[in-house]
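# Structure assessment
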Amino acid sequence: MSVSLAIAFIFCVIIGRFFYIQAVWGSDLVIMAADQWNREVPVIAARGEIYDRNGIVLAGNENTYSVFVRPNAVVDKTFCATVLAGIFGLDVNEVLAKISKTGVSEVTVVRHASHEDIVTMISYDIDGVYYARDNTREYTYGDVLCQVLGFTSVDGTGISGLEKYYNSLLAGTNGEILYSTDIVGVETEDPAIVYSPATDGSGIMLTIDAEIQLAAEQAMREVYTSSGAKSVSCIVLDPQSFEILALVNYPSYDLNDVPRDDTETLNSLSRNKAVVDIYEPGSTFKVITAAANLEEYLQGNASAFSPSYVFNSSRTRSVDGTTIKCWSDHRNGKHSNQTLAQALNNSCNPCFTDIALALGTDTFYEYLSAFGFGNVTGLDFSGEAVGMLLPQSMVRLCDLARIGFGQTIAVTQLQLACAVAAAVNGGNYYVPRLLDGVVSPDGTVEEIETVLKTEVISEQASRMLAQMLEGVVTEGSGKNAYIEGYKVGGKTGTAQKYEDGKIAAGKYVSSFVGFFPSDNPRYLALITVDEPQGTYYGSAVAAPVAKEIFQDIITIKNIQPYE
């Protein structure tokens with residue numbers, strides 16, 4: 001009886017094993033068998049190109065090739081290594097060691113080889129040597145837009161910038177050519193060949209305007225050199241959609257010669273500082289405080305100040321034992337009485353302290369949230385910073401007062417540009433974007449729609465504010481951005497920098513945010529100059545750069561002056 005049970009048990013085990021091999025392990029065994037009798041040569045998908053909004057290629061592909069060797073199929077390895085090393089400029093001993101490896105079906109000898117070198121290699125007709133097209137990324141303008149476009153790895157995968165963010169669209173799907181071989185991997189005399197085509201990646205069309213980008217790049221290079229700044233940045237966007245038309249961070253690096261061996265330098269130069277870094281905005285932030293005040297005034301809030309209200313002429317305010325001063329006297333050495341428009345012209349800190357305190361923490365924080373501070377804008381780019389906004393429950397009156405004129409708050413340049421755009425475009429806050437459309441391999445374009453995020457202030461308040469900011473350029477601190485025949489609005493900013501919680505002596509961020517035409521904004525630019533040497537006021541350093549960029553846009557787009 002026990003013998004019968006043992007036999008039955010063994011029989012069940014055998015049957016179970018057969019079932020496992022056939023039903024569970026079968027597909028894996030088929031693949032393993034096929035791998036023994038077949039060899040694949042990859043067919044690399046062409047990476048999608050990146051275009052500006054007008055179809056200009058910003059990132060394309062150069063026709064290059066990868067070379068593979070199947071060690072088992074090479075008859076004379078020394079000869080093979082000598083030939084390949086000579087053609088591609090490699091160390092012959094390293095190539096020989098690579099193609100002499102055992103236990104591997106295929107090794108990659110070289111990537112990004114030229115067509116001429118491949119033709120030379122083919123002439124030797126060496127068994128076991130194959131080649132396939134690969135992707136060598138080629139950037140039309142070198143260092144232009146480098147922190148936005150980003151770059152790819154050696155195998156063509158996006159690892160930074162938009163190359164990474166949209167890698168799934170750009171990469172495509174590789175194919176293969178399948179050859180039949182003998183058991184040791186040598187191609188048979190009449191091999192069966194199966195071709196599986198690659199699916200090329202989609203192209204992406206950006207909101208970037210290459211002509212405006214080039215103009216902005218030139219202007220920012222010039223101010224970087226002339227000011228001796230640590231770095232400079234510029235954002236140009238369309239206030240009616242928040243499409244990014246240009247984005248510059250300088251210094252930069254050449255995308256066609258990425259310093260991959262110097263990680264520290266590469267990490268520094270590849271940061272899209274306008275999106276991922278934060279700073280205290282200073283007086284450019286007064287645009288937001290003024291917008292909140294005007295909207296509250298129109299809504300009947302008795303605490304808000306009317307456009308005709310005359311602020312206290314005292315040059316200082318005392319809040320929680322902290323003294324807040326105006327940066328200068330306004331008229332003949334005497335601090336003047338002034339309206340909101342004049343306070344913007346003079347960039348008077350005490351007036352905006354009055355506004356913030358009058359509105360109160362709850363109301364002011366509602367506007368800060370609506371204008372996007374303390375949160376990301378939603379730009380299609382990795383690593384966007386949220387800024388730094390004190391929790392509402394922790395805000396003291398002295399903090400609130402300072403936030404009113406752009407201190408005790410840290411923002412990204414993108415956040416500030418979008419907030420000001422919403423304040424002057426009629427009150428609409430859109431989701432900013434860099435992607436304008438997706439270009440399929442057959443050339444059809446799927447356009448991306450503009451998304452309205454929220455309405456921050458009324459159109460009436462926005463028009464009032466835009467008119468006041470036009471006055472800043474015609475008769476206030478922004479005079480260096482004035483362009484005869486065109487309605488330009490804007491606001492200057494000069495913010496002290498802090499290090500280890502203390503004011504860093506002699507270190508400033510100079511900025512200017514401007515837009516035109518002021519009665520129907522189509523172009524907005526935020527210029528930021530970090531640590532200029534010598535003259536550091538935003539009115540003297542940043543405003544002229546905005547003027548230069550606007551003048552270039554006027555020429556590029558053939559915009560006629562108003563009558």
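Look up a bit, the structure's there.
As a starting point, this report considers the structure included with it. (Residues numbered from 1 in each chain as written. Predicted model: local features only at pLDDT ≥ 70, side-chain atom pairs only at ≥ 80, totals over all residues. Heavy atoms only, no water.)

### A look at the overall build of the chain
Rules: Here a strand is any run of E in DSSP of at least two residues, a helix any run of H or I of at least four, and the numbering for each starts at the N terminus. Any two residues whose heavy atoms approach within 4.5 Å are treated as being in contact.
For the chain, the helix and strand inventory stands at 19 helices and 19 strands. Long-range contacts, defined as pairs at least 24 residues apart, comprise 72% of the intrachain contacts of the chain with a sequence gap of at least 6.

### What about the packing of helix 3 (residues 77-88) against helix 4 (residues 92-99)?
What counts here: A fitted line through C-alpha atoms serves as each axis, taken over the contacting stretch for helices, and the angle formed by two N-to-C directions is quoted from 0 to 180°. Angular relationships are summarised with four words: roughly parallel below 35 degrees, roughly antiparallel beyond 145, roughly perpendicular across 65 to 115, and oblique for the angles in between. Here a crossing is called left-handed whenever its near helix is offset anticlockwise from the far helix by less than a right angle, and right-handed whenever the offset is clockwise. Amino acids outside the nonpolar list (Ala, Val, Leu, Ile, Met, Phe, Trp, Tyr, Cys, Pro) and the charged list (Asp, Glu, Lys, Arg) are all regarded as polar, and Gly is one of them.
Between helix 3 and helix 4, the least distance of the axes is 8 Å, while the angle of their chain directions is 130°. As judged from the angle between their axes, helix 3 and helix 4 are oblique. When you trace helix 3 past helix 4, the crossing you get is right-handed. Counted together, Lys77, Thr78, Cys80, Ala81, Thr82, Leu84 and Ala85 of helix 3 and Val92, Val95, Leu96 and Ile99 of helix 4 form the full contact between these two elements. Of the residues contributing to the contact of helix 3 with helix 4, the split by class is 8 nonpolar, 2 polar and 1 charged.

### Details of the environment of Ala210
The line we're drawing: For each residue, the accessible area found with a 1.4 Å probe, counting protein chains only, is set against the maximum for its type, and the residue is called buried under 20%, exposed over 50%, and partly exposed in between.
Structurally, the position occupied by Ala210 is in helix 9 (residues 210-227). Here Ala210 falls in the buried class, since its relative accessible area comes to 3%. In this structure the C-alpha to C-alpha distance between Ala210 and Tyr141, which are 69 residues apart in sequence, comes to 9.6 Å. The contact partners of Ala210, leaving out residues within four places of it in the chain, are Asp52, Ile56 and Leu58.

### Focus: the environment of Ala540
Considering the arrangement of structural elements, one finds Ala540 in helix 18 (residues 538-541). When the C-alpha positions of Ala540 and Ala481 are compared, they lie 9.6 Å apart, and in sequence the two are 59 residues distant.

### What to know about the pairing of strand 12 (residues 322-325)
Rules: If DSSP finds at least two bridges between two strands, the strands pair.
Pairing of strand 11 (residues 316-319) with strand 12, which is carried by 4 bridges, proceeds in the antiparallel orientation. Each bridged residue has a counterpart across the sheet, and for Ser318 the counterpart in strand 12 is Thr323. The antiparallel hairpin formed by strand 11 and strand 12 contains 2 residues in its connecting segment, where Asp320 sits at a positive phi of about 50°.

### Considerations on the sheet that holds strand 10 (residues 243-250)
Whenever strands of a sheet pair, they do so through backbone hydrogen bonds, lying parallel or antiparallel. As summarised here, the arrangement of the 5 strands in space is 10-9-19-18-17, forming an open sheet in which the pairing is antiparallel. The strands lining the two open edges of the sheet, one partner per strand, are strand 10 and strand 17 (489-499). Taking the axes of each pair of neighbouring strands and ignoring which way they run, one obtains an average angle of 10° across the sheet. Relative to strand 19 (residues 523-530), strand 9 (residues 231-238) is paired through 7 bridges, and the arrangement is antiparallel. Across the sheet, Ser231 pairs through a bridge with Asp530, a residue of strand 19. Sitting on the sheet, helix 19 (residues 543-556) touches strand 9, strand 18 (502-516) and strand 19, and the angle it makes with strand 18 is about 25°.

### Structural notes on the environment of Ile457
Along the chain, Ile457 falls in the loop between strand 16 (452-455) and helix 17 (459-475). Note on Ile457: relative accessible area 6%, which makes it buried. A sequence separation of 30 residues divides Ile457 from Gly427, and the C-alpha atoms of the two residues are 4.6 Å apart. In this structure, Ile457 is in contact with Ala291, Glu295, Tyr367, Phe371, Ala423, Gly426, Gly427 and Ser462, ignoring residues within four places of it in sequence.

### Some points on the pattern of salt bridges
As a reminder of what qualifies: For this analysis, a salt bridge means a side-chain nitrogen from Lys or Arg found within 4 Å of a carboxyl oxygen belonging to Asp or Glu.
The final tally for this structure, using the stated rule, is 18 salt bridges. The salt bridge involving Arg53 is made with Glu243; its shortest N-O contact spans 2.9 Å. Linking Arg53 in the loop between strand 2 (50-51) and strand 3 (57-69) with Glu243 in strand 10, this pair joins segments that are 190 residues apart in sequence. Take Glu243: its relative accessible area is 9%, and that puts it in the buried class.

### Topic: the nonpolar core
For clarity, the cut-off: We call a set of buried Ala, Val, Leu, Ile, Met, Phe, Trp, Tyr and Cys residues a nonpolar core when their side-chain atoms join them within 4.5 Å.
Counting residues in each nonpolar core, the largest one holds 97 residues, and the members touching the most others are Phe371, Phe373 and Leu465. Counting residues per element, this core draws most heavily on helix 16 (residues 413-424), which supplies 10 residues. Residues in contact with Phe371, not counting those within four places in the same chain, are Ile288, Ala291, Ala419, Ala422, Ala423, Tyr429, Val456 and Ile457. Listed in part, the 33 residues of the second largest apolar core include Met220, Phe516, Ile527 and Val529.

### A few points about unusual backbone geometry
Residue Pro251 is reached from Tyr250 by a cis peptide bond, and omega for that bond is 10°. Residue Pro517 follows Phe516 across a cis peptide bond; omega there is -15°. Following the sequence through the fold, Pro517 ends up in the loop between strand 18 and strand 19. The phi torsion at Thr408 lies on the positive side, around 60°, for a residue other than glycine. Topologically, Thr408 is positioned in the loop between helix 15 (397-403) and helix 16. Residue Thr408 is classed as partly exposed on the basis of its relative accessible area, which comes to 23%. The residue Glu531 is not glycine, and still its phi comes out positive at about 60°.

So yeah, pure geometry; function would need other evidence.
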